[in-house]
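Descriptive structure summary
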Number of protein chains: 2
Amino acid sequence: MRAPKSFRLHIGIFGKRNAGKSSILNALTHQDVSIVSEVAGTTTDPVEKPMELLPLGPVLFIDTAGIDDVGALGEKRIAKTLAVFDRTDLGVIVSNYNDWGNYEQKLMEELKDRAIPFVIVFNKIDIFEENILINEQLNANKIKFVQTSVLKETGLLDLRQLLLTSAPADYINRPSILADLVGAGEAAILVVPIDKEAPKGRLILPQVQSIRDLLDNDSFCMVVKERELREALSRFNKPPKLVITDSQAFLKVAADTPPQIPLTSFSILFARYQGDLSELVRGAMTIDHLKSGDKVLIAEACSHHPIGEDIGTVKIPRWLTQYVGGKLQIDSTRGHDFPPNLAEYKLIIHCGACMWNRREMLSRIMKARQAGVPITNYGLTIAYSLGIFERALQPFPAALEVYKNSN
Amino acid sequence: MRAPKSFRLHIGIFGKRNAGKSSILNALTHQDVSIVSEVAGTTTDPVEKPMELLPLGPVLFIDTAGIDDVGALGEKRIAKTLAVFDRTDLGVIVSNYNDWGNYEQKLMEELKDRAIPFVIVFNKIDIFEENILINEQLNANKIKFVQTSVLKETGLLDLRQLLLTSAPADYINRPSILADLVGAGEAAILVVPIDKEAPKGRLILPQVQSIRDLLDNDSFCMVVKERELREALSRFNKPPKLVITDSQAFLKVAADTPPQIPLTSFSILFARYQGDLSELVRGAMTIDHLKSGDKVLIAEACSHHPIGEDIGTVKIPRWLTQYVGGKLQIDSTRGHDFPPNLAEYKLIIHCGACMWNRREMLSRIMKARQAGVPITNYGLTIAYSLGIFERALQPFPAALEVYKNSN
């Protein structure tokens with residue numbers, strides 16, 4: 001499913017001719033397999049590249065190279081560049097330490113005046129040496145920058161991380177949990193088992209958020225325990241659009257939900273909402289490659305009284321050990337600190353991070369990627385252990401493909 | 001509807017012969033109109049009196065007078081008294097400052113050993129003067145006591161208050177919000193309007209508590225906005241047992257809900273769950289008697305960021321003033337402090353106290369009663385202003401009767 005253009009984060013790439021704008025963009029797109037298409041522009045128009053940029057999601061790069069390359073002069077060039085500013089959500093100024101000067105200062109001023117967040121890329125770091133004075137000046141003004149070399153393939157992951165950190169919150173936070181799955185005037189069923197861990201008189205946050213999200217989208221929902229699901233389903237004279245269940249009740253719910261009704265789990269829904277579903281599914285699939293003696297990191301977002309405490313410290317370690325059939329070295333981490341030695345791990349299993357914003361979770365996914373370590377979350381690990389991926393990923397074609405390709 | 005005996009708070013009344021046990025009990029029952037019946041016992045059996053004791057609700061008084069009056073001696077008398085201890089949830093030791101001695105100490109020890117909460121009544125305070133030493137000793141041991149005179153009718157409201165304070169939490173807190181209204185395997189519809197005040201991504205506490213309560217009782221529910229209610233109702237092939245709506249959407253919801261489906265509001269449900277529905281309905285009915293210049297107290301439980309802030313400070317004062325057709329003196333109070341000068345007010349309007357335990361709200365209802373001031377809450381005031389009592393009280397016969405008798 002292609003995201004409408006208006007939902008994409010528009011990233012404007014600015015800089016002098018030959019600063020390396022296009023090579024930076026090509027390097028980023030080259031890393032990602034999921035380029036949608038390249039919009040052909042006239043040579044004097046900026047080049048637009050819609051793509052799925054990990055970990056940001058759907059973005060539209062606007063490369064002002066097109067303006068530059070024809071050598072258009074004065075007025076015309078300025079007008080075209082201004083038009084790009086007009087639709088830029090996040091600016092990237094590409095330069096190098098040798099060429100940094102007035103032109104870049106003016107770009108910064110323009111972006112500041114328009115309150116557009118931006119980052120600076122010092123490219124060709126393999127050729128042009130770092131300039132400490134420039135760094136200090138930028139740091140003093142709290143302007144973020146990275147150093148890259150397309151040739152040496154360095155700094156590109158840092159650039160992705162910086163784009164994530166700098167993107168406006170509206171683009172990072174998904175606008176809806178369920179809007180694309182349950183339409184206005186349509187019904188979903190939420191299956192909410194009540195176990196001893198559920199605090200008295202409450203529902204857990206993802207359940208409340210899902211109910212609220214459905215109401216916000218003019219949808220409605222039946223809330224029911226797994227034991228009464230069959231009865232609840234029998235009350236409908238028209239099937240609901242989607243059944244969402246807690247993972248722990250998946251097998252019973254799958255048995256009681258007719259196959260023509262789409263079924264997924266809160267874990268999968270929130271892996272998408274709070275993280276990157278495809279990446280986390282990819283991570284879960286690597287459980288099959290774990291061997292006795294491997295190190296696994298279990299990361300809990302909450303530092304106090306986490307709801308998932310015994311899931312992270314007891315249930316998942318126990319199941320993993322059984323599944324691998326040997327002893328694993330399992331480390332735990334809590335709160336906002338993430339260990340620096342990620343590369344030592346064969347897998348990172350994260351909690352659902354329901355109390356965090358999405359940016360922080362995406363940032364961790366990014367760090368795992370930088371360290372070359374697969375990452376998944378509690379819910380997906382449990383879902384995988386129950387063998388429910390095939391059915392539960394049906395509503396999410398991209399993630400389903402990841403699953404099928406890994407099999 | 002008569003509460004099963006097992007749900008009643010069993011209050012054992014202990015004390016020497018002629019301490020005034022029966023006269024205390026008669027005075028309490030005399031104040032209340034709702035004595036259910038008097039269980040005739042043999043003369044040597046304790047007398048049991050089931051009643052609706054305001055503000056506690058259904059209680060069973062066990063008067064050990066029956067044991068005493070026949071002058072049974074030794075073993076037999078002790079055995080009968082022990083049997084009463086066995087089923088006492090809350091003990092009342094009736095004595096007076098003149099007769100207080102070893103027998104009462106032994107009763108206290110027995111109750112303490114059994115971890116049964118108890119209170120002491122120094123009766124006949126009009127005859128026997130207060131003994132400061134006894135008071136000090138009891139205070140030092142954190143034992144609660146009241147002074148009463150049945151003859152002068154003093155201290156009886158204090159005794160009720162003390163019974164409320166001392167009763168075990170299990171009896172004060174209602175076990176369920178909806179169990180008697182929506183059976184196991186049955187459906188309710190919860191109508192949840194989403195207005196600007198609703199915090200993003202959340203539902204308000206009474207809505208979450210209602211969903212959870214239905215799940216706890218093996219029921220299930222449809223959650224829907226008022227705009228989609230008609231569509232949601234059309235999906236059912238069997239009507240739901242109950243529709244519960246936010247009061248502000250009541251008129252639209254009433255129009256869209258077929259008359260044969262019971263309909264009430266969260267306000268009314270929670271006036272019952274967190275307080276005393278009949279008492280609060282009685283309070284709401286006195287709005288009709290308010291006159292220009294009368295003092296009204298608006299009490300908000302939360303001291304910070306209350307959800308109902310503009311309801312209490314803006315909406316209700318505005319509506320009341322319009323309704324009365326003249327200026328009212330409206331005072332506001334917040335948090336756990338309740339003004340001592342309650343008697344000055346013609347009416348107290350309280351928030352729903354959703355963040356409090358029920359004991360605290362019942363205690364305030366008690367205080368209002370002691371001061372002779374009617375009390376109601378925000379939700380009922382709004383419900384009354386919308387003229388919805390007749391339909392919304394249908395599921396609650398006792399409260400409906402209060403409404404009809406006041407009309």
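You'll find the structure just up there.
A brief look at the structure comes next. What you are looking at is a predicted structure, and each value in this text was computed from that prediction instead of being measured.

What follows concerns the relation of the copies chain A and chain B. For the pair of chain copies, the relating operation is a rotation around an axis with a shift along it. Placing chain A over chain B gives an RMSD of 0.2 Å and needs a rotation angle of 179°, together with 0.1 Å of translation along the axis. Those values place the two copies in the arrangement expected of a two-fold rotation axis. Closest to the rotation axis within chain A is the C-alpha of methionine 222 of chain A, separated from it by 2.1 Å. Interface residue correspondence from chain A to chain B reaches 100%, placing this contact among same-surface, isologous pairings.

Residues and elements named next belong to chain B. Judged by pairing direction, the sheet is parallel, and its four strands sit side by side in the order 12-11-13-14 without closing on themselves. A single partner strand is all that each edge strand has here, and the edge strands are strand 12 (329–334) and strand 14 (375–377). Along the sheet, successive strands turn relative to each other by an average axial angle of 25°, direction set aside. The pairing of strand 13 (residues 347–350) with strand 14 spans three bridges and is parallel. Within strand 14, the position partnered with isoleucine 348 by the bridge is isoleucine 375. Here helix 12 (residues 277–285) sits on the sheet and contacts strand 13 and strand 14; the angle it forms with strand 14, its principal contact strand, is near 100°. Helix-sheet contacts for helix 15 (residues 378–385) involve strand 11 (295–300), strand 13 and strand 14, and the interaxial angle to strand 14 is about 85°.

Moving on, we get to the side chain of serine 219 of chain B. All names here are of chain B. On the secondary structure map, serine 219 appears in the loop between helix 8 (205–216) and strand 8 (220–224). From its side chain, serine 219 meets the backbone oxygen of valine 182 in a polar contact 3.3 Å long. Among all residues touching serine 219, those that are not within four sequence positions of it are Val182, Gly183, Ala184, Gly185, Glu186 and Leu214.

All names here are of chain A. Summed over the entire model, instances satisfying the criterion amount to 18 aromatic pairs over all chains. Judged by centre distance (5.7 Å) and plane angle (70°), the ring pair of phenylalanine 122 and phenylalanine 145 falls under edge-to-face. With a gap of 23 residues between them, phenylalanine 122 in strand 5 (residues 118–122) and phenylalanine 145 in strand 6 (residues 145–147) connect regions that are remote in the sequence. Phenylalanine 145 matches phenylalanine 122 in its accessibility class, with the two residues each being buried. Ring-pair connections join several aromatic residues into one group, and the members of that group are Trp319, Tyr323, Tyr384, Phe389 and Tyr403.

With that settled, consider unusual backbone geometry. Non-glycine residue alanine 115 of chain A carries a positive phi angle of around 55°. With respect to the element layout, alanine 115 of chain A can be found in the loop between helix 4 (102–113) and strand 5. Non-glycine residue lysine 142 of chain B carries a positive phi angle of around 55°. Within the fold, lysine 142 of chain B resides in the loop between helix 5 (132–140) and strand 6 (145–147). Accessibility expressed as a relative area gives 76% for lysine 142 of chain B, which makes it exposed.

This paragraph deals with the pattern of salt bridges. Scanning the entire structure with this criterion turns up 37 salt bridges over all chains. Lysine 404 of chain A is paired through a salt bridge with glutamate 390 of chain A; the nearest N and O atoms lie 4.0 Å apart. Of this pair, lysine 404 of chain A sits in helix 17 (residues 397–406) while glutamate 390 of chain A sits in helix 16 (residues 389–392), and the two are 14 residues apart along the sequence. For lysine 404 of chain A, a relative accessible area of 44% gives the class partly exposed. Members of the salt-bridge network, linked through shared partners, are Glu186 and Lys238 of chain A together with Glu231 and Arg235 of chain B.

Right, let's get into the sheet that holds strand 11 (residues 295–300) of chain A. The strands that make up a sheet pair up through hydrogen bonds in the backbone, lying either parallel or antiparallel. All names here are of chain A. In space, the four strands of this open sheet follow the order 12-11-13-14, with parallel pairing throughout. Two strands in the sheet have a free side with no partner beyond their single neighbour: strand 12 (329–334) and strand 14 (375–377). Neighbour-to-neighbour, the strand axes of this sheet turn through a mean angle of 25°, independent of strand direction. Along the sheet, helix 15 (residues 378–385) contacts strand 11, strand 13 (347–350) and strand 14; its crossing angle with strand 14, the most-contacted strand, is approximately 85°.

Each partner contributes to the interface: chain A provides 34 residues, whereas chain B provides 34 residues. Together chain A and chain B conceal approximately 3100 Å² of surface at their shared face, both sides included; 58% is due to carbon and sulfur atoms. Where chain A meets chain B, there are six salt bridges. A salt bridge links arginine 235 of chain B to glutamate 186 of chain A, with the shortest nitrogen-to-oxygen separation between them at 3.6 Å.

Now for helix 14 (residues 358–370) of chain A. All names here are of chain A. Taking 1.5 Å as the rise per residue, helix 14 with 13 residues should run 18 Å; its terminal C-alpha atoms sit 18 Å apart, in good agreement. Turning to helix 14, its buried residues are Arg358, Arg359, Met361, Leu362, Ser363, Arg364, Ile365, Met366 and Ala368. Just past helix 14, the residue glycine 372 takes up positive phi, approximately 75°.

Reading the values: the criteria
- Sequence order as written defines the numbering, with residues in each chain counted from 1.
- Here every chain gets a letter starting at A, and every ligand a number starting at 1, in the order they are written.
- In keeping with the model being predicted, local features are shown solely for residues with a pLDDT of at least 70 and side-chain atom pairs are shown and tallied solely at 80 or more, while totals for entire chains, interfaces and linings include all residues.
- Working from all heavy atoms in the structure, the side-chain values ignore hydrogens and water.
- Least squares is used to superpose the copies, and the fit set is the C-alpha atoms of residues whose pLDDT is at least 70 in both copies.
- Should any heavy atoms of two residues lie within 4.5 Å, those residues are counted as being in contact.
- We call two strands paired when DSSP finds no fewer than two bridges between them.
- Comment: elements are numbered from the N terminus, with helices defined as DSSP H or I runs of at least four residues and strands as E runs of at least two.
- Axis definition: a line fit to C-alpha positions, over the contact stretch in the case of helices; interaxial angles, taken between N-to-C directions, run 0 to 180 degrees.
- Side-chain atoms alone can form a polar contact between residues adjacent in sequence; in general such a contact is a pair of N or O atoms within 3.5 Å, and within protein one must be able to donate a hydrogen while the other accepts it.
- Stacked, edge-to-face and tilted labels apply to pairs of Phe, Tyr and Trp rings (six-membered ring for Trp) whose centres lie within 6.5 Å, assigned for plane angles under 30 degrees, over 60, and everything in between, in that order.
- Think of it in three bands: with a 1.4 Å probe and only protein chains considered, a residue is buried below 20% of the maximum accessible area for its type, exposed above 50%, and partly exposed in between.
- The term salt bridge refers to a side-chain nitrogen of Lys or Arg lying within 4 Å of a carboxyl oxygen of Asp or Glu.
- Summed over both partners, the accessible area (1.4 Å probe) lost when two parts come together is defined as the buried area.
- Working rule for helices: expected span equals 1.5 Å times residues minus one.

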